[in-house]
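Next come the chains, spelled out residue by residue.
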Amino acid sequence: FRDHHNWHFRSAHFTELINAIESIIRYNEEPTDDTDLLTAQQIIHILTLICTESNEKNELLSDKLKTILHYLDEHYTENISLDQLAEHFFISKYYLSREYKKTYGITIGSDLTARRLSHAKSLLRFSDSSIEEIAALCGFADAGYFIKVFKKAENMTPLEYRKKW
């Protein structure tokens, strides 16, 4: 440890971890009756630091995911890609995709589609807008694609849905 200082992870508690490891080394260079107890105390301290770090990272990620969720609430009608989200929120698109799915149980793409379809259903029920207008208002660039996605999700076309309601 003293010779190499090769760490395979980075920690917010880096200095404290180094101090704890150096204390263990010092205790064991000149063992006393208390060496085992003092070593165990430092090991517990190291494990506590590592576990605390994990919780802090999880809280930061959770806050970031909540921010992204709020962003999607506000911007779902816009053309949003995973690359744009990752760049906007300074996070790897692969990590974002995996953690979003793990946290919310749905992919970002599926979530966006669900939001858009929910808005579309509301517009179909409570407005006289055309299918093309509704598609555009809900973030679908193409009315044909909107009809296809809607039919797949609802087992009926948007016009059939409108008539039913």
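Overview of the structure.

We now examine the overall build of the protein. Tallying secondary structure elements over the protein gives eight helices and zero strands in all. Traced from its N-terminal end to its C-terminal end, the protein shows the element sequence α-α-α-α-α-α-α-α. Here the protein holds 165 residues, and 32% of them are scored as buried. Across the protein, every contact between residues at least 6 apart in sequence was considered, and the portion connecting residues at least 24 apart equals 51%. Working note: accessible area of the protein is about 11,200 Å², and carbon and sulfur atoms make up 53% of it.

What follows concerns the packing of aromatic side chains. Across all of its chains, the model carries seven aromatic pairs by this definition. Aromatic pair Tyr 161 and Trp 165: ring centres 5.9 Å apart, planes at 45 degrees, arrangement tilted. Classification of Tyr 161 as buried rests on a relative accessible area of 6%. Taken together, Phe 140, Tyr 145, Phe 146, Phe 150, Tyr 161 and Trp 165 form an aromatic cluster joined through their ring pairs.

For the rest of this paragraph, the subject is a nonpolar patch on the surface. A contiguous nonpolar patch, built from Ile 43, Leu 47 and Ile 50 and spanning about 250 Å² of accessible area, is present on the exposed surface. Within the secondary structure, Ile 50 is located in helix 2 (residues 35–75).

With a phi angle near 55 degrees, Phe 90 is a residue other than glycine that sits in the positive phi range. Although it is not a glycine, Asn 155 adopts a positive phi angle of roughly 60 degrees. Relative to the helices and strands, Asn 155 is located in the loop between helix 7 (143–154) and helix 8 (158–164). By relative accessible area, which is 68% here, Asn 155 ends up exposed.

We now examine helix 4 (residues 93–104). Residues that lie three or four places apart on an α-helix share one face, since the helix turns once every 3.6 residues. With 12 residues, helix 4 should reach 16 Å at 1.5 Å per residue; the first-to-last C-alpha distance of 16 Å fits that figure. The set of residues buried in helix 4 consists of Leu 96, Glu 99 and Tyr 100. All buried residues of helix 4 fall inside an arc of 105 degrees around its axis, so they share one side. Structural note: helix 4 exposes Tyr 94 and Lys 102 on the side pointing more than 90 degrees away from its buried face. Here helix 4 starts with a cap whose side-chain oxygen sits 3.3 Å from the backbone nitrogen of Tyr 94, and that cap is Ser 92. A positive backbone phi angle near 75 degrees is found at Gly 105, which sits one or two residues after helix 4.

The next thing to look at is the environment of Ser 81. With respect to the helices and strands, the residue Ser 81 is situated in the loop between helix 2 and helix 3 (82–88). Classification of Ser 81 as partly exposed rests on a relative accessible area of 28%. With 28 residues separating them in the primary sequence, Ser 81 and Gly 109 have C-alpha atoms 8.3 Å apart.

What counts, and at which threshold
- Position numbers for residues start from 1 in each chain and track the written sequence from start to end.
- At least 70 in pLDDT is required for a residue's local features to be given in this predicted model, at least 80 for side-chain atom pairs to be given and counted, and no such filter applies to totals for whole chains, interfaces and linings, which use all residues.
- Only hydrogens and water are set aside when side-chain values are computed; all heavy atoms of the structure are taken into account.
- Numbering goes from the N terminus for both helices and strands, where a helix is a DSSP run of H or I of at least four residues and a strand is a run of E of at least two.
- Three exposure classes are used, based on accessible area relative to the maximum for each residue type with a 1.4 Å probe and protein chains only: buried under 20%, partly exposed in between, and exposed over 50%.
- Contacts are residue-level and defined by heavy atoms, with any inter-residue pair within 4.5 Å sufficient.
- Method for areas: the Shrake-Rupley scheme with a 1.4 Å probe, in which residue coverage is limited to the protein chains shown.
- Put simply, two rings from Phe, Tyr or Trp (the six-membered ring, in Trp's case) pair if the centres are within 6.5 Å, and we call them stacked under 30 degrees between planes, edge-to-face over 60, tilted for the rest.
- Every patch collects residues that have over 30% relative accessible area and no salt bridge, joining them within 9 Å if they carry like charges and within 5 Å if they are nonpolar side chains (Val, Leu, Ile, Met, Phe, Trp, Tyr).
- The term salt bridge refers to a pairing of a side-chain nitrogen on Lys or Arg with a carboxyl oxygen on Asp or Glu at a separation within 4 Å.
- The span expected for a helix works out to 1.5 Å for each residue beyond the first.
- The arc refers to the directions leading from the helix axis to the C-beta atoms.
- For this analysis, a polar contact is any N or O atom pair within 3.5 Å, provided that within protein one partner can donate a hydrogen and the other can accept it, and provided that sequence-adjacent residues contribute only side-chain to side-chain pairs.

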